Amino acid sequence: MVETLATLPHLNEQQLRSLAAELIVQLSEQSKTIAAKDSDILYRQAKIDKLTHELATLKRWKFGRSSELLNAGQVSLLDETIDADIAAIEEELKELAPTPKTDTQPRQQPKRAALPVGLPRVDIHHEPDSTTCGCGCQLKRIGEDVSEKLDYTPGVFTVEQHIRGKWACVKCETLVQAPVPAQIIDKGIPTAGLLAQVLVAKYSDHLPLYRQERIFGRAGVALPRSTLAQWVGICGVQLQPLVDALKTEVLSHSVLHADETPVEMLKPGNKKTHRAYLWAYAPGAFEDLKAVVYDFCESRAGEHARTFLGKWRGSLVCDDYAGYKAGFVSGITEAGCMAHARRKFFDLHVAAKSQIAGQACVYISQLYDVERDARHLEPGERLQRRQVHSKPLADAFHAWMMLHRQKVTDGSATAKALDYSLKRWTALTQFLDDGQLPIDNNWIENQIRPIAIGRNNWLFAGSLRAGQRATAVMSLIQSAKLNGHDPYAYLKDVLARLPTQKNSQIKELLPHRWQPTTL
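Parameters at a glance
Residues numbered from 1 in each chain as written. Predicted model: local features only at pLDDT ≥ 70, side-chain atom pairs only at ≥ 80, totals over all residues. Heavy atoms only, no water. Core = buried A, V, L, I, M, F, W, Y, C linked by side-chain atoms within 4.5 Å. Buried < 20%, exposed > 50% of the residue type's maximum accessible area, 1.4 Å probe, protein only. Helix = DSSP H or I, 4+ residues; strand = E, 2+ residues; numbered from the N terminus. Phe/Tyr/Trp six-rings, centres within 6.5 Å; stacked < 30°, edge-to-face > 60°. Lys NZ or Arg CZ within 6 Å of the ring centre and 35° of its normal. Contact = heavy atoms within 4.5 Å. pLDDT = per-residue confidence, 0-100. Axes fitted to C-alpha atoms, helices over the stretch in contact; angles between N-to-C directions. Parallel < 35°, antiparallel > 145°, perpendicular 65-115°, else oblique. Left-handed = near helix turned anticlockwise from the far one by under 90°. Nonpolar A, V, L, I, M, F, W, Y, C, P; charged D, E, K, R; others polar. Arc of directions from axis to C-beta.

Caption draft 1: Here's a closer look at the nonpolar core. Judged by nonpolar contacts, the single largest core of 83 residues is most densely connected at Leu 150 and Leu 316. Top contributing element to this core by residue count: helix 6 (residues 225-250), with 12 residues. Of all hydrophobic cores here, the second largest spans 32 residues; its members include Met 338, Ala 357, Trp 425 and Leu 437.

Caption draft 2: A look at unusual backbone geometry. At Lys 187, a residue that is not glycine, the phi angle is positive and equals roughly 65°. Within the fold, Lys 187 resides in the loop between strand 4 (175-177) and helix 4 (192-203). The phi torsion at His 206 lies on the positive side, around 65°, for a residue other than glycine. Mapped onto the elements of the fold, His 206 is located in the loop between helix 4 and helix 5 (209-218). Under the relative-accessibility criterion, His 206 is labelled buried at 10%.

Caption draft 3: Inspection of the packing of aromatic side chains at higher detail. A full pass over the atoms with the stated rule returns 13 aromatic pairs. Between Tyr 152 and Phe 157 the ring centres are 4.7 Å apart and the planes differ by 65°, which places this aromatic pair in the edge-to-face class. Across the pair, Phe 157 and Tyr 152 agree in class, each one buried. Between Phe 397 and Trp 400, the ring centres sit 6.2 Å apart and the planes meet at 25°, which makes this aromatic pair stacked. Here Phe 397 pairs with Trp 400, and both are found in helix 11 (residues 379-405), just 3 residues apart, close to one helical turn. Judged by its relative accessible area of 13%, Trp 400 falls in the buried class. Aromatic ring contacts, followed pair by pair, group Phe 345, Tyr 363, Phe 397, Trp 400 and Trp 425 into a single cluster. Against the face of Tyr 321 rests Arg 300, its NZ or CZ located 3.9 Å from the ring centre. We note Lys 344 situated over the ring of Tyr 420; from NZ or CZ to the ring centre the distance is 5.0 Å.

Caption draft 4: Up close: the side chain of Thr 471. Along the chain, Thr 471 falls in helix 15 (residues 464-482). Those residues in contact with Thr 471 that lie beyond four places of it in its chain are Leu 278, Tyr 294, Asp 295 and Phe 296.

Caption draft 5: Examining the confidence of the model for the protein more closely. Here the protein averages 85 in pLDDT, while 86% of its residues score no lower than 70. Confidence, read as mean pLDDT per element, is least for helix 1 (residues 2-7) in the protein (58) and greatest for helix 11 (97). Here residues 101-106 is modelled with pLDDT under 50, and outside its nearest four sequence neighbours on either side it reaches 0 contacts, counting other chains as well.

Caption draft 6: Looking closely at the packing of helix 4 against helix 5. Between helix 4 and helix 5, the least distance of the axes is 10 Å, while the angle of their chain directions is 130°. With respect to helix 5, the axis of helix 4 lies oblique. Here the hand of the crossing between helix 4 and helix 5 comes out right-handed. Facing Leu 194, Gln 197, Val 198, Ala 201 and Lys 202 of helix 4, the residues of helix 5 in contact are Leu 209, Gln 212 and Phe 216. In terms of residue class, the contact of helix 4 with helix 5 is built from 5 nonpolar, 2 polar and 1 charged.

Caption draft 7: Geometry of helix 5. Looking only at helix 5, the buried set comprises Leu 209, Tyr 210, Gln 212 and Phe 216. The buried residues of helix 5 occupy an angular sector of 155° when projected down its axis, which confines them to one face. Of the residues in helix 5, the exposed ones pointing more than 90 degrees away from the buried face are Arg 214 and Arg 218. Downstream of helix 5 by a residue or two, Gly 220 has a phi angle that is positive, lying close to 105°.

See below:
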């Protein structure tokens, strides 16, 4: 700029105009950069304010609440939820906060109780890649730092002793030491193996943290449930980018399944439960991706499905729930579930021995016979077989239903069963014209079934955040199972690699792409 000012008197008119235009462009770019930074600062501050308020509310519930309206089991689960939520919020605030300036007075770290001396120790040495100083002299080992991490393989506690040798150069007094290995929980005691055990036990084996506390106590280590809850909260935050990447992969497919199931959620502020919902989404049964993503929402409102699907447009296999209907108006193709149609007739046949319902079940069974034979075919071959065998059966079934609907009384159980299929006939028969579509929604119902097992344990959700954390971890666990992985081995490896994994390579840790670390 100084040089530019010095040359101004010597510039002609054209050069001055060019310089002015160049300066205008520079100012415009600087203004855009400043505006972007201001927007980012405002976003961060708004999120910090929101999280700070949420944190204060949780702490008020934790330290000032009364629990006379709750039973002992609910109190334990609520305590776990609040401790995990507090830890998660503090982790998010730490990530949002600017890098702190170095304090002149070092902060005093709280003293941690020593790990039991009776536990087996495993030494892990970390030494510099080279013991030759930059000046050419050979470094000498003058000591070491030892830190201990608590590890767990199902049934057995061990202690990892990380030994970092100190190497010094006598000539130039240079000190060299291997860096501290990165961990999911910075300066914490749990290894990735212990964290994986806690998560799998809570979200796959349905063991609340207060039960895990007792199990660990019997194994010789006292781990308070509040500590376990903090670990769960931090892991939930750290694993969220992986779940977001999994959702993106799921939404890249043209056929999706969707289903939802109710969950009791406790609001700590008023000690009352209300019905929340856990939604499940998965690629079509014939898609090459085996994955499922769960989404926890406070209600069954259709807006939650629309929010999750966003701009996705494809064929959605689902039941007749009205919450999906708005999506069908905006470009999503509705594919019905023949199993739901069969269930209407089957229940009627069992309850009233209805001959009409029994014959309807026979028609539908014939459609499933074709599907059973075509299951392992390529989409084109499957479509051809459906056109040859299934379409004539479906046409005959539809004509038969239309005939009998005219004979039964409106409002009767038989009329309702027939109306369910007739009104949804286009959706129910979408699979006849698309070899990639399944005949029913059973695939996603099988993925949502494990939720019911833990409904009385972990699925007593103490907050929206707790429910969302549960569904995030469960999405990874269930997707790992679908790909033939042991969820403990998968999460252990992912939690060990995640702290040093580049954001651009995060997809390598997704269950369908994961390869175990080779030692």
